[in-house]
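Structure at a glance
Chain residues, written in single-letter form:
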Amino acid sequence: MLALPLSAVGRSLTGINIVGPSNAEPPPRPPSPAMYQLDIVLKKGSNLAIRDRTGTSDPYVKFKIAGKEVFRSKTIHKNLNPVWDERVSLHVETLRDPLYVKVFDYDFGLQDDFMGSAYLYLESLEHQRTQDITLDLKDPQYPEHDLGSLELGVTVSPREGDVRDSTMLLRRNWKRSSKYQSMRLSDVHRKAQLWRGIVSISLIEGHGLQPMDANGLSDPYVKFRMGHQKYRSKTIPKTLNPQWREQFDFHLYDEQGGFVDITVWDKDAGKKDDFMGRCSIDLSLLGKEHTHKLDLPLEEGDGVLVLLVTLTASAAVSISDLSVNMLDDPHERLQITQRYNLWRSFHNLKDVGVVQVKVIRAEGLMAADVTGKSDPFCVVELSNDRLQTHTVYKNLNPEWNKVFTFNVKDIHSVLEVTVYDEDRDRSADFLGKVAIPLLNIQNGERKAYALKSKELTGPTKGVIFLEIDVIFNAVKAGLRTLIPIEQKYIEEEPRVSKQLLLRNFNRVRRCIMFLINTGCYINSCFEWESPQRSVCAFVLFVIVVWNFELYMIPMALLLPLAWNYILIASGKDTRQDVQAVEDLLEDEDEDFDKDDKRPKPGPWEESCDKNHILEDMLASWHFEWIRTMVDSERKGFMNKLYAIQDVCISVQNALDEVASYGERIKNTFNWTVPFLSWLAIVALGVATIVVYFIPLRYIVLAWGVNKFTKKLRDPYTIDNNELLDFLSRVPSDVQVVQYRELKLDPNPSPNRRKKNNPG
């Protein structure tokens, strides 16, 4: 192995062509420079530094090139010899910029501790050959301290003129005053984002997995990774032959294919999950437009995973300038409208519609830099589809004038538009966000949206101007409502929060109080508290019971829908109770504001902060003492604390799920989303007719035959519950508040202006 200790950086870190001033005549476009593909496997760390009082650390690794962060690993908890085994592929234009590797200790709610760094000089590596490299970690302030080492596998491959996967060129430090450079960056940026196909993966089942628990069983779940895209399956408890039946999609950026890395883990509450094996899929070996059944044996473990993989052509996704977009062309707009007319309702059910987003400009953004300016760029997300604009430097009123086009797979998706400030040496700073359900969009209307906080519960500074068009097929949209909703791959880790726990508890209490009040109202009829009401209830009870038929159940559910529709049509709002949730969210947002007011350290403080230096000295001085004092009893106590945290998160999530379903049922009947309420009317109407004309025994018989033969007809079918899938599309009261547009305030309060950092 090569040993590359940290040494002084005596090489140029620019690697950028210098272009003349912007008022000069732009030179002719030079030929595309040679590109290099850098394939890195972050294998493991050895004897890393102690940063926690328990005598361990929670390490993760960052890669930087030319001052920009290009990769961050997952966090390995409570381990000084972590095994990551993560792969990343980067495209670089020059090998003169060294790879800067930094290791940090993750601290929940605090600033992460520096654990060491090293440089890898790419020019010294052989091409087209994988090399095993050991990097000795050092602290620039205390170079004599031994902070352990990292093991990597690195391959450098020249790729002439290939920029399509170049994620690190998206926001490279080009010469900002040059129009030529800006145009070139925009072109590279656009090519690097657009995917060329869809990889549909169905995780079916596992066979003969390795037992990891004392009871001879395991609690397995599966992690998938393809480039920067990740997916984690649900956990199946106490089994060695799990049935997952989950389906998800990845974007395929490389026409030649790529690799999907798969790992299987055993879930352990309160301690580190156990590794059960790995496998991978080489997509270049699979034919397109065809479903492949794969039986993948696990390496470094026992058992087999069964998957279905389908490669399909790219959906209609594009980025263009404002002057060139398809829906402004009458001929193209007519073609798209015809593609989604009712006569084509049963053709390609996954293609529900198309949405075009014009990101015009923003005004009055927050100043995120010390110069009183920001470097804003805009990210547009629809489910797991994500595109972004170029960066407008040193401007609080940027103009992007970009048009993004997405395929709509679910009309109940929410379009999220987020504005960030680009930072050279840190992750981007959050400036504001809006969330717009597709069903709330008024086609062709250019609107100014007030930016919200990261939690979408309160305002922040600035507005963004958008123009959105949605064209979809209503029949396809209705049918897609009855299948499982697509899960977002990138979601924040659940955390214990007093505010969230209290909010969810109050939401559940409101649902329970509604049921109690309903029961009290019914009981008052039996108690004859109001003789007139009791007489009416008694007469109604006798008439209904005497004439009861099964078809009256779905017909009775139509009555509250019709009654609420009449109230709304007459101008009476039936949704006043959402205000209580809005008040809760505002209180919670104020608590987040207090947390965000803590000063944020600059990038230079990552390695030379005085507290970190003191902690490093204490850690090395007391190393032997800590190892002798940390016994099994204390480790058991810490494991119990982590177990309590897991239980709190489970209770918090369970309360949220119970409250959400209660609120969604209510919001279906009060017409919060008219499309879903009309769909409920159609479904209840069809159910009423079917039950009226067809005897119940035939309906139950057909249901039972379908259930018993489904596995025989399609062994790999993914089960679902149509009612729960329908309710998952109805927004809860929290989501109603988050998706509600804020009124534009010409004089925003200064104490509402805050800066949030997503990273």
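These lines cover the structure that appears in this document, whether it is placed above or below. Numbering of residues starts from 1 in every chain and runs along the sequence as written. Thresholds applied to this predicted model are a pLDDT of at least 70 for local features of residues and 80 or more for the giving and counting of side-chain atom pairs; totals over whole chains, interfaces and linings are not thresholded and use all residues. Values shown for side chains rest on all heavy atoms present in the structure; no hydrogens or waters enter the calculation.

Only DSSP runs of H or I reaching four residues or more are called helices, and only runs of E reaching two or more are called strands; each is numbered from the N terminus. Assignment of secondary structure puts Glu 205 in strand S10 (residues 197–207). Judged by relative accessible area, which is 11%, Glu 205 ranks as buried. A polar contact of 3.1 Å, which involves the side chain of Glu 205, links it to the side chain of His 207. Among residues more than four places away in sequence, those in contact with Glu 205 are Pro 242, Gln 243, Trp 244, Arg 245, Val 304, Leu 305 and Val 306. Buried means the residue's accessible area, taken with a 1.4 Å probe over protein chains only, is under 20% of the maximum for its type, while exposed means over 50%, and partly exposed covers the values in between. Under this definition, polar contacts are N or O atom pairs within 3.5 Å; protein pairs additionally need one hydrogen-donor-capable and one acceptor-capable atom, and for neighbouring residues in sequence, both atoms have to be side-chain atoms. Whether two residues are in contact is decided by their heavy atoms: any pair within 4.5 Å suffices.

This next bit is on the packing of aromatic side chains. Between 30 and 60 degrees the pair is tilted, below 30 it is stacked and above 60 it is edge-to-face, where a pair is any two Phe, Tyr or Trp rings, Trp via its six-membered ring, whose centres lie within 6.5 Å. Within the structure shown, the criterion is met by 18 aromatic pairs. Each ring, one from Tyr 231 and one from Phe 248, has its centre 4.0 Å from the other, and the planes form 15 degrees; the classification is stacked. Residue Tyr 231 is located in strand S12 (residues 229–232), and its partner Phe 248 is located in strand S13 (residues 243–252); the two are separated by 17 residues in the primary sequence. Side by side, Tyr 231 and Phe 248 carry an identical accessibility label, which is buried. Cluster of aromatic residues (ring-pair linked, three or more members): Phe 224, Tyr 231, Phe 248 and Phe 250. Criterion for a charge above a ring: Lys NZ or Arg CZ within 6 Å of the ring centre, and within 35 degrees of the ring normal. Positioned over the ring face of Tyr 60 is Arg 72, at 3.8 Å from the centre of the ring. Taking NZ or CZ as reference, Arg 664 lies 5.9 Å from the ring centre of Tyr 661, over its face.

Turning our eyes to something else, we now look at the environment of Phe 377. In this structure, Phe 377 sits in strand S20 (residues 376–382). Along the backbone, Phe 377 and Asp 421 are 44 residues apart, and their C-alpha atoms lie at a distance of 6.4 Å.

Being paired, for any two strands, means DSSP has found at least two bridges between them. The four strands lie next to each other as S4-S3-S6-S7, forming an open sheet whose pairing is antiparallel. Strand pairing shows two members of the sheet lacking a second neighbour, strand S4 (68–72) and strand S7 (113–120), which therefore form its edges. Going across the sheet, the axis of each strand differs from the next one's by a mean of 25 degrees, ignoring polarity. Looking at chain direction, strand S3 (residues 59–65) and strand S6 (residues 99–105) are connected through seven bridges and run antiparallel. From the neighbouring strand, Val 61 faces S6, where its bridge partner is Val 103. Every axis in this analysis is a line fitted to C-alpha atoms, fitted for helices over the stretch in contact. Angles between the N-to-C directions lie between 0 and 180 degrees.

Now for unusual backbone geometry. Positive phi is not limited to glycine here, since Lys 394 has a value of about 50 degrees. Positionally, Lys 394 belongs in the loop between strand S21 (385–388) and strand S22 (399–408). Its identity is not glycine, yet Asn 401 carries a phi of approximately 50 degrees, on the positive side. Tracing the backbone shows Asn 401 in strand S22.

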